[in-house]
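# Breakdown of the fold
Listed below are the residues making up each chain.
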Amino acid sequence: MVFDLTAKHLFHYDPEDKNVGNVFADFFDSVMAVPINIPGTTHHKCMKNKKKAIQLMKDILRERRDSNQKKGDFLDQIIEDMKTMEFLTEDFVVYFIFGMLLASFATISTNLTLAFALLTDHPAVVKELLEEQDNIAKSKDNVDSSLTWNEYKSMTFMSQVVDETLRMANIFPGILRKVIKDIHINGYTIPEDWTIMLVPHAVHMSPEKFPDPCTFNPWRWNDIGGTNAPTRDYIPFGGGLRHCVGAEFSRAVMAIFMRVLITKFSWTKIKGGNAYRNPALSLGSGFHVKISEKGQI
């Protein structure tokens with residue numbers, strides 16, 4: 001769902017036209033493998049899937065450039081920019097789109113699955129979320145009108161639920177950075193040109209930073225949220241100049257998904273929902289529920 005939504009807005013992707021989604025799923029399943037690139041290894045399969053995905057992106061880009069057909073999506077804009085911006089080469093554009101698709105597919109889908117499971121186990125959270133949505137509905141002139149940006153930004157408790165889900169999810173096992181000058185810390189020296197890996201999970205699940213870290217508690221953000229948020233300790237999207245450009249998009253997708261889920265549907269758990277790391281977050285066999293529209297059996 002998330003992959004199709006992102007791909008549609010990027011390059012008007014139709015799930016029935018291209019097998020892009022399956023290629024990315026196969027790629028991500030093997031992206032954390034030991035880098036031994038010989039036939040039969042998981043890494044070799046990963047590289048083959050990457051090559052296939054890149055070629056699909058190139059085919060889509062070339063097809064659109066040759067046709068001159070406008071579809072009002074991101075690809076239209078970037079093709080136009082390629083005419084005047086020298087750095088926007090075919091390879092740059094293809095790998096840029098590849099990265100955006102991989103990020104949306106790998107992170108948001110897993111976060112939403114975890115959020116679904118957490119909401120199921122915490123009815124008090126769902127209750128407060130519903131109260132917040134009821135207040136928004138009462139303030140609207142037309143209850144059937146679309147959610148506005150100001151209404152989205154007013155969803156304080158929803159924002160806390162998103163923050164808490166992201167804190168516990170820690171999708172990627174680490175953030176890599178190159179040391180540009182010697183760093184002296186706690187009596188140790190990290191030499192220039194070394195590569196260091198920051199592990200968000202170690203920070204987000206530290207009881208010194210977040211008391212009782214294994215407990216899903218959106219209310220903790222009443223004390224540490226807003227302008228007082230511990231930005232150095234809360235890094236689901238990295239930080240500094242390398243902060244993820246898709247951070248707000250990811251948060252908005254999660255919030256709107258949960259809003260529709262709790263207001264339009266009811267569900268009961270069937271099985272699954274057990275999270276583990278290998279080393280990225282996974283929910284194994286998934287999270288299986290029986291779902292129905294509210295007011296229906």
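Residues numbered from 1 in each chain as written. Predicted model: local features only at pLDDT ≥ 70, side-chain atom pairs only at ≥ 80, totals over all residues. Heavy atoms only, no water.

The next subject is the overall build of the protein chain. Helix and strand counts for the protein chain stand at eleven helices and eight strands. Burial analysis of the protein chain (297 residues in total) assigns 38% to the buried set. Per element, the accessible surface of the protein chain, about 18,000 Å² overall, is 55% carbon and sulfur. (Helix = DSSP H or I, 4+ residues; strand = E, 2+ residues; numbered from the N terminus. Buried < 20%, exposed > 50% of the residue type's maximum accessible area, 1.4 Å probe, protein only. Areas by Shrake-Rupley, 256 points an atom, 1.4 Å probe, with all protein chains shown as cover.)

To continue, consider a nonpolar patch on the surface. A surface patch of nonpolar side chains, amounting to about 380 Å² of accessible area, comprises Met-85, Phe-87, Phe-92 and Phe-96. The exposure class assigned to Phe-92 is partly exposed, which follows from its relative accessible area of 39%. (Patch = residues over 30% accessible without salt bridge, like charges linked within 9 Å, V, L, I, M, F, W, Y side chains within 5 Å. Salt bridge = Lys/Arg side-chain N within 4 Å of Asp/Glu carboxyl O.)

This part takes up the UniProt feature "binding site: heme" (unreviewed entry) in the protein chain. What UniProt calls "binding site: heme" (unreviewed entry) maps, in this numbering, to Cys-244. Positionally, Cys-244 belongs in the loop between α10 (221–224) and α11 (247–264). Cys-244 sits in the partly exposed class, given a relative accessible area of 32%. (UniProt positions renumbered as here; feature names shortened; annotations may be inferred.)

Turning our attention to helix α6 (residues 123–139). For α6, which comprises 17 residues, the first-to-last C-alpha distance of 25 Å matches the rise-based estimate of 24 Å (1.5 Å per residue) to within 8%. Burial in α6 covers these residues: Val-125, Val-126, Leu-129, Glu-132, Gln-133 and Ile-136. Down the axis of α6, the buried side of the element spans an arc of 125°, and every buried residue falls inside it. Within α6, the exposed residues directed more than 90 degrees away from the buried face are Pro-123, Lys-127, Asn-135 and Lys-138. (Expected span 1.5 Å × (residues − 1). Arc of directions from axis to C-beta.)

This next bit is on the environment of Ser-145. Within the element layout of this structure, Ser-145 appears in the loop between α6 and α7 (149–153). What makes Ser-145 partly exposed here is its relative accessible area of 32%. Only 2.7 Å separates the side chain of Ser-145 from the backbone oxygen of Asn-142, close enough to count as a polar contact. (Polar contact = N/O pair within 3.5 Å; in protein donor to acceptor, adjacent residues only side chain to side chain.)

Let us now look at the packing of aromatic side chains. Each aromatic ring pair is summarised here by two numbers: the centre-to-centre distance and the angle between the ring planes. For the structure on display, the rule yields ten aromatic pairs. On the basis of an interplanar angle of 5° and a centroid distance of 6.3 Å, the ring pair of Phe-92 and Phe-96 is categorised as stacked. With a gap of four residues between them, Phe-92 and Phe-96 both fall in helix α5 (residues 90–121), about one helical turn apart. Classification of Phe-96 by relative accessible area gives partly exposed; the value is 37%. Look at Phe-157 and Trp-219: their rings are 5.3 Å apart centre to centre, the planes differ by 35°, and that puts the pair in the tilted class. Taken together, the residues span a long stretch of sequence, with Phe-157 in helix α8 (residues 156–169) and Trp-219 in the loop between α9 (200–204) and α10 at a distance of 62 residues. (Phe/Tyr/Trp six-rings, centres within 6.5 Å; stacked < 30°, edge-to-face > 60°.)

This next bit is on the pattern of salt bridges. Applying the stated criterion across every chain, the model contains 13 salt bridges. The partner of Asp-91 in a salt bridge is Lys-58, with the nearest N and O atoms 3.5 Å apart. A residue pair is termed long-range when its members are at least 10 positions apart, and Asp-91 in helix α5 and Lys-58 in helix α3 (residues 42–67) qualify at 33 residues. Judged by relative accessible area, Asp-91 falls into the partly exposed class, the value being 40%. The salt bridge partner of Asp-233 is Lys-209, with a shortest N-O separation of 3.7 Å. Linking Asp-233 in the loop between α10 and α11 with Lys-209 in the loop between α9 and α10, this pair joins segments that are 24 residues apart in sequence. What you see here is one network of salt bridges that share partners, running through Arg-64, Asp-73 and Asp-76.

One can describe the packing of α3 onto helix α4 (residues 74–81) by two numbers: an axis separation of 11 Å at closest approach and a directional angle of 70°. The orientation of α3 with respect to α4, classified from their angle, is roughly perpendicular. Here α3 contributes Ile-60, Leu-61, Arg-64 and Arg-65 to the contact with α4, which in turn contributes Leu-75, Asp-76 and Ile-79. Here the residues of the contact of α3 with α4 sort into four nonpolar, no polar and three charged. (Axes fitted to C-alpha atoms, helices over the stretch in contact; angles between N-to-C directions. Parallel < 35°, antiparallel > 145°, perpendicular 65-115°, else oblique. Contact = heavy atoms within 4.5 Å. Nonpolar A, V, L, I, M, F, W, Y, C, P; charged D, E, K, R; others polar.)

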